[in-house]
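A look at the structure
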Amino acid sequence: MRHVFLGLTIWGAIHPMYYFITWFRAEGWNLGDMVQAWHVNAASSGLVWDLTIAATALSLWIIAEVIRNRKFFHLVAIAATFGIGVSCGLPLYLYLRSAPGRDPR
């Protein structure tokens with residue numbers, strides 16, 4: 001399963017970034033304009049909020065486990081979540097979490 005998580009991490013990094021870079025090349029490298037485009041209608045705003053809430057929940061879960069397990073490198077999944085997206089951050093965290101030798105508790 002660990003390899004599946006790694007594959008999803010790579011896919012979750014590359015596929016969304018293709019669209020982000022395509023948008024930036026066409027519209028200019030202004031993050032504010034991109035955020036504004038995300039809220040062009042109610043459907044896209046709902047999706048943005050859905051992903052924002054999911055990213056927040058994932059981040060809180062990661063922080064709680066890092067505090068308990070002292071595996072500070074796992075915080076990189078939070079950076080991936082907010083820097084790329086939940087599609088990268090979640091499978092990355094599951095990949096890191098499934099490392100051999102992990103305490104099953």
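Each value, and the rule that gives it
Residues numbered from 1 in each chain as written. Predicted model: local features only at pLDDT ≥ 70, side-chain atom pairs only at ≥ 80, totals over all residues. Heavy atoms only, no water. Core = buried A, V, L, I, M, F, W, Y, C linked by side-chain atoms within 4.5 Å. Buried < 20%, exposed > 50% of the residue type's maximum accessible area, 1.4 Å probe, protein only. Helix = DSSP H or I, 4+ residues; strand = E, 2+ residues; numbered from the N terminus. Contact = heavy atoms within 4.5 Å. pLDDT = per-residue confidence, 0-100.

Overview of the nonpolar core
A13, L58, I62, V66, A77, I78, A80, C88, L92, Y93 and L96 form the largest nonpolar core, which has 11 residues in total. Those elements giving two or more residues to this core turn out to be α3 (42-69), α4 (76-83) and α5 (86-97). Considering every element that reaches this core, the biggest residue donor is α5, with 4 residues. Contact partners of C88, with chain neighbours within four places excluded, come to T9, G12, A13 and A80.

Looking at the confidence of the model for the chain
Parts of the model with low pLDDT should not have their predicted coordinates read in detail. Per-residue confidence for the chain gives a mean pLDDT of 93; residues scoring 70 or more make up 96%. Put simply, helix α2 (residues 31-38) is where the chain has its lowest mean pLDDT, 90, and α5 is where it has its highest, 97.

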